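Reading the structure
Listed below, chain by chain, are the residues.
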Amino acid sequence: MNNANPHEDFNALSDDEFRRRFRNWLEQHCPEDVRRPAHRLRGQRAREWFRLLYEHGWRAPAWPREHGGMGLSIPKLILYDEELDHARISRTVDMGDTHLGPTLIKLGTEEQRRLYLPKILNCEHWWCQGYSEPNSGSDLASLKTRADLEGEHFVINGQKIWSSFAADATHVFLLVRTSTEAVKQKGITFILAEMDTPGITVKPIVNLAGDDDFCEVFYDNVRVPAKNVVGRVGDGWTVSRSLLGMERLFIGSPRNSQIAMMALEAVGKALGISEEPAFKSTWTELSLELHAVQCLYRETAQALGQGRQPDSVLSMLKIAATEHFQRTTEAMLELSGEYGPIGRVKLGTEEIDMRQLYMLARPATIYGGSSEIQRNILSKRMLGLPDD
Amino acid sequence: MNTASQILTEPGENERMVRDGALGFVQAHHSMKRVRQMRTTESGYSREVWQALAGAGWLGLRVPEQQGGAGMGMAEVAVLCEVFGEALLPEPWIACGLWPVALVSGCSQAALRDRLLPNMLSGDIVLALAWQDAPFHLDPAQTSATLTGTPLTLQARKRFVASGVGADGWLVTALREGVPALVHVPASAAGVSVRSERQMDGGVCADIDFNQVPVRAEDVLAEGDAAVQLLRAAQAEATLAACAVLNALANRALAITVDYLGKRVQFGKRIGSFQALQHRAVDLAVRCTLAGSVLRRAIESHAACSARAASDLSAAKALCSRTATLVTRSAIQLHGGIGYTDEYDIGLYVKSALRYAGWLGTAQVHAGRFMATKPATAGEVA
C-alpha cells in the first residue's frame, strides 16, 4: 500500500505525506543487509535492491516522469535522500540513474533513450563511467584514449582508471579523443560501450579501505557502433558537464559527514569518553560545522530548484562537506586512543568500522574535482583573482 | 568579487529599498575619517548623526507601522546592519536603536510606551540596555539585581552595558520578589554611577551601579513571563543583527583583501596570482559563505518561531563571530606589513569584528548553547 504509483505526481503531496509514505515503504521492504550506512552496496546485491525500488515505483527519483522516473522536485529529492539516511540505507554508486540517464534525457537521441533508459530503470543494464586516465586526473581534458572512425564503428584504444565498480558493470559511458587538432576540450567525444565487447579488459585496484571498487579498464581495438555517440562527435566535454548541477549538489551533500558523526557519537559511547573535555569540544566544533554545511546545502538546493546556477557555491559546498567528513573521521581515530590503529570498536553487538570511514573519507577531496582544483576555480571565478 | 548570497538569493523589494537608502545615508553622513575621529570621543559616537538616523527613519525600521515605524522584518534589519557594518558606522544602531526600541515598542504598558517611543524614534532620547551582571551571561532573565519596596527601589550592578555612556537612560533588568522585571531609569536618577570602558575599536561600554535608585511605578515596562519573553525576543533580534554586522565586516574585509591581492605587485607579478594566496583567500570566502547561510537560516527560523530558533541563533552567533575574527585577522597577513598599520583601513575591521564577536555571547558561549538546545537528529538534514 506504500507503493508509489508510476502515474502519481509526488510533488503534489505535502512534504510530511511524502516522507511518511517513503519511510513506511522502506520500513516494510528494505532488506536488513542494505541497512549499513557506512558500507557501499555493490554488484548483484545493489542491482537487486534497485530492482526492488523500481518494482515499487521508487526508482530514479530525479528523472522526469515521462521517462519513467519519479519526477521529484528538488525539495522532494532532498526528502527522499533524507529518508534513505533515516533508514540507514547503504549508499550505492548507480551511474545509470545519476549520470547516464539524465544525460541521455537531455542530449541523447530518441533511439538511445528508448534503448537504454528502461534498462537502467529495471537494472538489466548497470553502468560505469570511463573518464580518468593514468595521466589525466585533475587535468581530465588532456585524456588520450582515442577513438578512430572506421566505417560505421569507432575503434577505441587506450586505458581508463578509477572506473568505479567497472567489474560489476554491463556497460560503460566514456570520454574518448576523436581529434587532436583543436583545443584539448574540443576533440573529446562521449560514447557508450558494452563491457563484454571484445578488447575490454577490467583490472580491479585494491584501495586503502581494502575494497576493489575501482578499476583500470583497458581498451584494445574495441569496436563500438558510431550511433553510440551521445551528442555530437567532438562535443563530449560539454556532454559530460551537462548534468553537473544536481550531481555536484550531491557531491556536496552532508550525508557522509552525518554518517561519520553518528559513528563518532557511537565511538564516544563505546569507549565511555563522551563526557571527556577533549571529546566534547571536538564534538561541539564538528556539530557546529555540520550545521553550517547543512544550511548551505539546503540553500543551494533551493537555488538550484529556482533555476539558478550556483556553480561557485557548489564548489564551496563540496570543499566544506568533504573536509568536514575527513575531519570527523580523523577526530574519531585520534580520540579513540589505542583503538585508533586497530580501526574498530564494539558498541554492544555493533562494530563500528572506523578504518573504513577514515579511508572512505580520503578520496572525497580528490574525486569530482579535487579540493585544490575547486580552490583554483573559485579564486578566479568567484574572487576574480588574476592569472598573470 | 561575487558573494554567495548574490548567487543564492534574490533580495526582496524592501531589502533593495533598505540597501539603497542605507547606502545613501552612509554617503551623506559618514566617512572612514569619522571612524577614527569617534574612537576618542566620550560616547564613541555622534548624537548629531544619531539625530540623522532618526530623521531618516532608521530607528523605527522594525517598529510596527501603527506605532510610527516601518514595520520591516529581520531580513531587512540584516540588510541595514550589513550596510552600516561595512561602513563601520560607529553609531550604536543595535545597542541603542533596534534593541531598546523593540523592548519599548513591544511592552504592554501603553502609557510608558507612548511617553518613550516617539522620543526614541525622534532621536531625542537614547536608551541603552543594562541587563548583564557578569561576563559569559546569556539569559536576560537571570540577574541578581533587585527591585524592592514601595515606592520601588533598584539595587543593581550592571556590567558591559553597550554604548551605556552618553545615554539619556537605561532599560534595566531586575528581580521583584524573584520575578524578572524590566524598568526604565533616566540618567538623571539619583544613585547612578557610570564607569566607562573603552573597547578596542573605540566603542564604549559601561559598568553601571544603581545604588538605591528610586523607580517610579510607571517606569516598569514589563514583569514576569511577559518580561522574560519580551527580553528574550528582543535579545534574539539584537543578536541576529550583530551577526549581520559580523558577516558584513568579514565580507568587506575579504573584498578589500582580494582587491589588494589583485593590485599589489611583487616578483614582477600581482600577488593574487600566487596559488598559496589564492587558496587562502578562497578558504576565507568559504567561511563567509557558510556564515551567510547560517545567518539566513537563523533569521528564517526566528521569523517562523521554529523549535530550532534558539539553536539556529546560537549557531549563527558562534559561526559569524568566528568567521569575522578569522577573516579580518587573516586579512592582515594577506596584506603584509601595510595591514599592520593604523593608517590602513583593514585594522578597523579587525577591531570592530572583535567587538561584535565578544558582544551578546562569544562563539564559545553560543557553541555551548547550540549543543544544549539543538534537536538531536544527527541523521536528518531537515
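The shown structure was predicted, so the numbers you read here are calculated from the model rather than taken from an experiment.

**With respect to the overall build of chain A**
A count of helices and strands for chain A gives 13 helices and ten strands. The C-alpha radius of gyration of chain A comes to 22 Å, within 12% of the 21 Å expected for a compact globule of 388 residues. Based on the C-alpha atoms only, the size of chain A along its principal axes is roughly 70 × 55 × 40 Å. Expressed as a percentage of its 388 residues, the buried residues of chain A come to 55%.

**Comments concerning the overall build of chain B**
Looking only at helices and strands, chain B features twelve helices and ten strands. On the principal axes, the C-alpha backbone points of chain B span a range of 75 × 50 × 40 Å. Within chain B, the proportion of its 382 residues that are buried is 55%. For chain B, restricting intrachain contacts to residue pairs at least 6 apart in sequence, the fraction spanning at least 24 positions comes to 75%. Surface exposure of chain B reaches about 15300 Å², of which carbon and sulfur atoms provide 52%. Between the mean site of the 35 positive side-chain charges and the mean site of the 34 negative ones, chain B shows a separation of 8 Å.

**Brief notes about the pairing of strand β4 (residues 171–177) of chain A**
Residues and elements named next belong to chain A. Judged by how many residues are buried, β4 sits mostly within the fold: seven of seven residues are covered. Burial along β4 is two-sided: the residues His-171, Phe-173, Leu-175 and Arg-177 and Val-172, Leu-174 and Val-176 are all buried. Direction of pairing for strand β1 (residues 127–130) relative to β4: parallel, over a ladder of four bridges. From the neighbouring strand, Trp-127 faces β4, where its bridge partner is His-171. As paired elements, β4 and strand β5 (residues 188–194) share seven bridges and run antiparallel to each other. Paired with Val-176 across the two strands is Thr-189, which belongs to β5.

**Notes on unusual backbone geometry**
Glycine aside, negative phi is the norm for most residues, and most peptide bonds take the trans geometry. Residues and elements named next belong to chain B. Residues Thr-150 and Pro-151 are joined by a peptide bond in cis, for which omega reads -5°. Take Pro-151: it is sitting in the loop between β2 (146–148) and β3 (152–162). One non-glycine residue, Phe-267, lies in positive phi territory at about 55°. Note that Phe-267 resides in the loop between β9 (265–266) and β10 (269–270).

**Description of the nonpolar core**
Ranked by size, the top nonpolar core spans 180 residues in total, and within it A:Trp49, B:Trp58, B:Phe84, B:Trp93, B:Ile94, B:Leu154 and B:Phe210 carry the most contacts. Element by element, the count of residues in this core is highest for helix α8 (residues 224–261) of chain B, at 21 residues. Setting aside residues no more than four positions away along its own chain, B:Phe210 makes contact with B:Ala130, B:Leu154, B:Gln155, B:Ala156, B:Lys158, B:Trp170, B:Val172, B:Val185, B:Gly191 and B:Val192.

**Structural notes on the pattern of salt bridges**
Per the counting criterion, the structure on display carries 54 salt bridges over all chains. A salt bridge links B:Lys263 to B:Asp259; the nearest nitrogen and oxygen atoms lie 2.9 Å apart. Judged by relative accessible area, which is 57%, B:Lys263 ranks as exposed. Connected through salt bridges with shared partners, the residues A:Arg19, A:Arg23, A:Glu82 and A:Glu83 form a single ionic network.

**Concerning the side chain of A:Thr197**
Within the fold, A:Thr197 resides in the loop between β5 and β6 (200–204). Contacts of A:Thr197, omitting those with residues within four sequence positions, involve A:Val222 and A:Arg223.

**A few points about the interface of chain B and chain A**
The interface of chain B with chain A comprises 45 residues on the first partner and 45 residues on the second. With its nearest N and O atoms 2.7 Å apart, the salt bridge here joins B:Arg270 to A:Asp388. Linking chain B with chain A are 14 residue pairs in polar contact (both at pLDDT 80 or more), by the criterion used here. Put simply, the parts of the chain that give the side of chain B that touches chain A at least two residues each are α1 (4–8), α8, β10, α9 (275–303), α10 (309–335) and α12 (363–373) of chain B. Here the side of chain B that touches chain A takes 15 residues from α9(B), the largest share from any one element. A class-by-class count of the residues in the side of chain B that touches chain A yields 21 nonpolar, 13 polar and eleven charged.

**A short note on the packing of helix α9 (residues 277–305) of chain A against α9(B)**
One can describe the packing of α9(A) onto α9(B) by two numbers: an axis separation of 8 Å at closest approach and a directional angle of 80°. When the axes of α9(A) and α9(B) are compared, the pair comes out roughly perpendicular. Across the interface between the two elements, A:Glu289, A:His291, A:Ala292, A:Val293, A:Cys295, A:Leu296, A:Arg298 and A:Glu299 from α9(A) touch B:Arg287, B:Thr289, B:Leu290, B:Ser293, B:Val294, B:Arg296 and B:Arg297 from α9(B).

**A short note on α10(B)**
Taking 1.5 Å of rise per residue, 27 residues should cover 39 Å, and α10(B) covers 38 Å from first to last C-alpha, within 8% of that figure. Immediately downstream of α10(B), the backbone of B:Gly336 shows phi near 80°, a positive value.

**Observations regarding helix α7 (residues 110–121) of chain B**
Residues and elements named next belong to chain B. The first and last C-alpha atoms of α7 sit 16 Å apart over twelve residues, in line with the 16 Å expected at 1.5 Å per residue. Along α7, the residues classified as buried are Leu-112, Arg-113, Leu-116, Leu-117, Met-120 and Leu-121. Buried residues in α7, looked at end-on, bunch into an arc of 120°, giving them a common side. Exposed and oriented more than 90 degrees from the buried face of α7 are Ala-111 and Asp-114. Among the structural elements, α4 (47–55), α6 (93–106), β1 (127–130), β5 (179–186) and β8 (220–223) are those in contact with the buried residues of α7. Of the residues one or two after α7, Gly-123 is the one with positive phi, at around 85°.

**Structural notes on the packing of helix α10 (residues 311–335) of chain A against helix α13 (residues 371–381) of chain A**
Residues and elements named next belong to chain A. At a closest axis distance of 10 Å, the pairing of α10 and α13 adopts a crossing angle of 145°. Along this stretch, α10 crosses α13, giving a crossing that reads as left-handed. The residues of α13 that touch α10, namely those facing Ser-312, Ser-315, Met-316, Lys-318, Ile-319, Thr-322 and Glu-323, are Ser-371, Gln-374, Arg-375, Leu-378 and Arg-381. For the contact of α10 with α13, the per-class residue count stands at three nonpolar, five polar and four charged.

**Details of the packing of aromatic side chains**
Following the criterion strictly, the structure yields 24 aromatic pairs over all chains and no others. A ring pair is formed by A:Phe22 and A:Tyr80, whose centres lie 4.5 Å apart and whose planes are at 10°; its orientation type is stacked. Taken together, the residues A:Phe22 in helix α1 (residues 15–29) and A:Tyr80 in helix α3 (residues 74–86) connect sequence positions 58 residues apart. Side by side, A:Phe22 and A:Tyr80 carry an identical accessibility label, which is buried. Here B:Tyr356 and B:Trp359 contribute two aromatic rings whose centre-to-centre distance is 5.9 Å and whose plane-to-plane angle is 70°, an arrangement assigned as edge-to-face. Among the aromatic residues, those joined into a cluster by ring pairs are A:Phe10, A:Phe18, A:Phe22, A:Trp25, A:Trp49, A:Trp58 and A:Tyr80. In this structure, A:Arg241 is placed above the aromatic ring of A:Trp237, and the distance from its NZ or CZ to the ring centre is 4.3 Å. The lysine or arginine in question, A:Arg362, covers the ring of A:Tyr358, its NZ or CZ lying 4.2 Å from the ring centre.

Scoring rules and cut-offs
Residues numbered from 1 in each chain as written. Chains lettered and ligands numbered in written order. Predicted model: local features only at pLDDT ≥ 70, side-chain atom pairs only at ≥ 80, totals over all residues. Heavy atoms only, no water. Helix = DSSP H or I, 4+ residues; strand = E, 2+ residues; numbered from the N terminus. Rg over C-alpha atoms; globule rule 2.2 N^0.38 Å. Buried < 20%, exposed > 50% of the residue type's maximum accessible area, 1.4 Å probe, protein only. Contact = heavy atoms within 4.5 Å. Areas by Shrake-Rupley, 256 points an atom, 1.4 Å probe, with all protein chains shown as cover. Lys, Arg positive; Asp, Glu negative; His and termini not counted. Charge placed at Lys NZ, Arg CZ, Asp CG, Glu CD. Pairing = 2+ DSSP bridges. Core = buried A, V, L, I, M, F, W, Y, C linked by side-chain atoms within 4.5 Å. Salt bridge = Lys/Arg side-chain N within 4 Å of Asp/Glu carboxyl O. Polar contact = N/O pair within 3.5 Å; in protein donor to acceptor, adjacent residues only side chain to side chain. Nonpolar A, V, L, I, M, F, W, Y, C, P; charged D, E, K, R; others polar. Axes fitted to C-alpha atoms, helices over the stretch in contact; angles between N-to-C directions. Parallel < 35°, antiparallel > 145°, perpendicular 65-115°, else oblique. Expected span 1.5 Å × (residues − 1). Arc of directions from axis to C-beta. Left-handed = near helix turned anticlockwise from the far one by under 90°. Phe/Tyr/Trp six-rings, centres within 6.5 Å; stacked < 30°, edge-to-face > 60°. Lys NZ or Arg CZ within 6 Å of the ring centre and 35° of its normal.

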